[in-house]
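Here's the letter readout for the chains.
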Amino acid sequence: MFPSSCKYSELYPVLFLTLSIGGIILNVIVITIADGQGREAAKLHDLNEPLIDHAEGQDFLNEAFKVIMDEVLCKGTDVKQKVCEWKEPDELALLLDLELRATGETQHRLLQRVRDVAKYSTKTCHPRFFNQQFAGVDYHSLAGQFLTDALNTNICTYELGPVFVLMEAEVLRGLRQLVGWAEGDGIFCPGGSISNMYAVNLARYQLFPEVKTKGLCSLPKLTIFTSPESHFSVKKGAAFLGIGTDNVILVKVDDSAKQMYSLSVPFCQGAVPLLISCTSGTTVRGAFDPLDHIADVCERHKLWMHVDVSPPVEDIANSIAWNPHKMLLAGLQCSAFLLKDTTNLLKRCHSANATYLFQQDKFYDMNLDIGDKSVQCSRRVDCLKLWLMWKAVGSDGLAERVDKAFIHVRYLVEQMKKREGFQLLAEPEFVNVCFWYIPPSLRGKEGNADYHDRLAKVAPVIKERMMKQGTMMVGYQPLGDRVNFFRMVVFSPLVSQKDMDFFLNEIERLGSDL
């Protein structure tokens, strides 16, 4: 018997030996306690005692929650505080001391880490965070998210998540009811992008169920139709599912970014039209596709109609992607995929029948084991935060949040029209207000050859200044032949008319010298 290889681990005092006994090769792990590190490892804990010190851990958690309450939920929602404490990447990495080491740190040092993370993170709960299509904070939803993480369970089977399997079914039923569906199916997904991909996958499976077993080689060329201003996940989904981005046909849109009213389905030679992906509230301009007209096209050509939606839509689609973490403030992430189908299409398309999870001889109703509906195995509980928030404020309270956002948008647009230098791309249909700020030096110079090049540089400079000063956050982007413009999103119920006035004043202050 002799060792043929030996490796020492820096993390654990272990020898990995390959031994030969009578021609049989054995791999043996020998724990060594020859040095100080080994002796320390040997006496780490009594094997009859837990490795985690509950008292110490719970004390740390209590102190960490105090930091969260103070730094994030108190200071983070105070208009007198900064939206962000800007640091350059190298400086921030040094401040955070990101390196991971072999030995742990004291509780005092760890709490400082928590404070640093809170301090230098962008406060999306701040009333003057207008950067994304999510903002603000709902405390009931946040409590649901804390509880979800503390329970740390999966929702794949009833035995693992009995409360949440029943809860998710009820929340999805409530969402379908708001859409206008008395029956149907659905699932919570890790983001709206995945919901959009689910729609494509289900549409393909319904038309060609053999794809599940035989793969792409069994299919003809497929095409998807959508607007150029639809979410980028439509093309990502086509790439991910093997359909190909070249087979996503972008339908021309009119000036208001709606899908063209004369929509027709071009049949490419050898291609099968699969799905039209519509949008109710596009990401940039907040425009709405003409769903009734598109529904007629889908019915005529037997196409799947999917709607990527901000507010609810009428009962005309096959599937809907709806993100309550946006306008309803359910907290990231909370994305529902709603399905009109009642034939168990989700499960038929995605099931793998893993016997270690979905045994057929369980003592309860196997229909409560919903994990096979999903392409995931482990799936976090996203329904609790929405359920708890909905329980707290009711459907009327959720509707009030939406109504208030539209009131603020109307006020903002009215004030913008009274000020020189603000130019709207178009009248907003939703809560996205897209505009250019024309600084004094460019006013009246629209005919100059370099006008658009100079205008394109205005928004990035103003954005940089507001970020570094921490006064507010708003996004900008180009779109087609339109140079950089601001996209102001009014979602948060924490905002007031004073914040709308501040926003306009701050844009003027930051850009007056450009």
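Residues numbered from 1 in each chain as written. Predicted model: local features only at pLDDT ≥ 70, side-chain atom pairs only at ≥ 80, totals over all residues. Heavy atoms only, no water.

Observations concerning the overall build of the protein chain
Here is step 1: For the protein chain, the helix and strand inventory stands at 15 helices and 14 strands.
Here is step 2: Evaluated residue by residue, the protein chain yields a buried proportion of 46% over its 514 residues.
Here is step 3: In the protein chain, of all internal contacts separated by at least 6 residues, the share reaching a separation of at least 24 is 65%.
Here is step 4: Accessible surface computed for the protein chain: about 26700 Å², of which carbon and sulfur atoms make up 56%. (Helix = DSSP H or I, 4+ residues; strand = E, 2+ residues; numbered from the N terminus. Buried < 20%, exposed > 50% of the residue type's maximum accessible area, 1.4 Å probe, protein only. Contact = heavy atoms within 4.5 Å. Areas by Shrake-Rupley, 256 points an atom, 1.4 Å probe, with all protein chains shown as cover.)

Observations regarding the side chain of Lys-385
Here is step 1: With respect to the helices and strands, Lys-385 occurs in helix H12 (residues 383-417).
Here is step 2: Note on Lys-385: relative accessible area 2%, which makes it buried.
Here is step 3: Separated by 3.5 Å, the side chain of Lys-385 and the backbone oxygen of Gly-331 make a polar contact.
Here is step 4: Of note is the side chain of Lys-385, whose polar atom sits 2.7 Å from the backbone oxygen of Gln-333.
Here is step 5: Sequence-distant contacts of Lys-385, defined by excluding residues within four places in its chain, comprise Ser-141, Gly-144, Gln-145, Ala-330, Gly-331, Leu-332, Gln-333 and Cys-334. (Polar contact = N/O pair within 3.5 Å; in protein donor to acceptor, adjacent residues only side chain to side chain.)

Observations regarding the pattern of salt bridges
Here is step 1: Within the structure shown, the criterion is met by 26 salt bridges.
Here is step 2: In this structure, Arg-401 and Asp-138 form a salt bridge, with 2.5 Å as the shortest nitrogen-oxygen distance. Residue Arg-401 is located in helix H12, and its partner Asp-138 is located in the loop between strand S3 (129-130) and helix H5 (139-151); the two are separated by 263 residues in the primary sequence. Accessibility classification places Arg-401 together with Asp-138 in one group, the buried group. (Salt bridge = Lys/Arg side-chain N within 4 Å of Asp/Glu carboxyl O.)

Remarks on the UniProt feature "modified residue: N6-(pyridoxal phosphate)lysine" (unreviewed entry) in the protein chain
Here is step 1: Mapped onto this structure's residue numbering, the UniProt feature "modified residue: N6-(pyridoxal phosphate)lysine" (unreviewed entry) falls at Lys-326.
Here is step 2: Of note, Lys-326 is situated in the loop between strand S9 (319-322) and strand S10 (335-339).
Here is step 3: Lys-326 sits in the partly exposed class, given a relative accessible area of 22%.
Here is step 4: In this structure, Lys-326 is in contact with Gln-133, Phe-134 and Phe-491, ignoring residues within four places of it in sequence. (UniProt positions renumbered as here; feature names shortened; annotations may be inferred.)

As for the pairing of strand S4 (residues 185-189)
Here is step 1: Summarising burial for S4: 5 of the 5 residues are buried, a large majority.
Here is step 2: Residues Asp-185, Ile-187 and Cys-189 line one face of S4 and the alternating positions Gly-186 and Phe-188 line the opposite face, and both faces are buried.
Here is step 3: Two strands pair when backbone bridges link them, and S4 and S10 are joined in this way by 5 bridges, in the antiparallel orientation. Residue pairing for S10: Cys-189 is matched across the bridge by Ser-335. (Pairing = 2+ DSSP bridges.)

With respect to the confidence of the model for the protein chain
Here is step 1: Scored by pLDDT, the protein chain comes out at a mean of 89, with 87% of its residues at no less than 70.
Here is step 2: The low-confidence segment residues 28-34 (pLDDT under 50) makes 21 contacts with residues lying over four places distant or belonging to another chain. (pLDDT = per-residue confidence, 0-100.)

Some points on the pairing of strand S12 (residues 432-437)
Here is step 1: Where burial is concerned, most of S12 is hidden: 6 out of the 6 residues are buried.
Here is step 2: Going residue by residue along S12, you find Asn-432, Cys-434 and Trp-436 tucked away on one face and Val-433, Phe-435 and Tyr-437 tucked away on the opposite face as well.
Here is step 3: Pairing of strand S11 (residues 422-424) with S12, which is carried by 3 bridges, proceeds in the antiparallel orientation. Directly across from Phe-422, in S12, lies its bridge partner Tyr-437.

Let's talk about the environment of Leu-275
Here is step 1: Mapped onto the elements, Leu-275 comes out in strand S7 (residues 271-280).
Here is step 2: Spatially, the C-alpha atoms of Leu-275 and Ala-199 are 8.6 Å apart, while their sequence positions differ by 76 residues.
Here is step 3: Every residue in contact with Leu-275, bar those within four places of it in the chain, is listed here: Ala-199, Val-200, Ala-203, Thr-223, Ile-224, Phe-225, Trp-304 and His-306.

Re a nonpolar patch on the surface
Here is step 1: On the surface, Leu-61, Phe-65 and Phe-146 cluster together into a nonpolar patch covering about 240 Å² of accessible area.
Here is step 2: Looking at where Leu-61 falls in the secondary structure, it is placed in helix H2 (residues 54-74). (Patch = residues over 30% accessible without salt bridge, like charges linked within 9 Å, V, L, I, M, F, W, Y side chains within 5 Å.)

Re helix H6 (residues 162-179)
Here is step 1: Between the first and last C-alpha of H6 there are 26 Å, a value that for 18 residues agrees with the 26 Å anticipated at 1.5 Å per step.
Here is step 2: Those residues of H6 that sit buried are Phe-164, Val-165, Met-167, Glu-168, Val-171, Leu-172, Gly-174, Leu-175, Arg-176 and Val-179.
Here is step 3: Residues of H6 that are buried make contact with H5, S4, S9, S10 and H12. (Expected span 1.5 Å × (residues − 1).)

Some thoughts on unusual backbone geometry
Here is step 1: Note that the residue after Leu-332, namely Gln-333, is joined by a cis bond; omega there is -10°.
Here is step 2: Mapping Gln-333 onto the fold places it in the loop between S9 and S10.
Here is step 3: A positive phi is found at Asp-97, a non-glycine position, where the angle reads about 50°.
Here is step 4: By relative accessible area, which is 26% here, Asp-97 ends up partly exposed.

Observations concerning the nonpolar core
Here is step 1: Counting 51 residues, the largest nonpolar core has Leu-412, Val-433, Phe-435, Met-488, Phe-503 and Ile-507 as the members making the most contacts within it.
Here is step 2: With 6 residues, H12 is the single largest residue contributor to this core.
Here is step 3: No fewer than three residues from each of domain 1 (154-380) and domain 2 (391-511) sit in this core.
Here is step 4: In this structure, Met-488 is in contact with Phe-130, Leu-412, Val-431, Asn-432, Val-433, Phe-435, Val-474, Met-500 and Phe-503, ignoring residues within four places of it in sequence.
Here is step 5: Counting 39 residues, the second largest nonpolar core, distinct from the first, contains Ile-155, Leu-175, Leu-291 and Cys-383. (Core = buried A, V, L, I, M, F, W, Y, C linked by side-chain atoms within 4.5 Å. Domains from an automatic or database assignment.)

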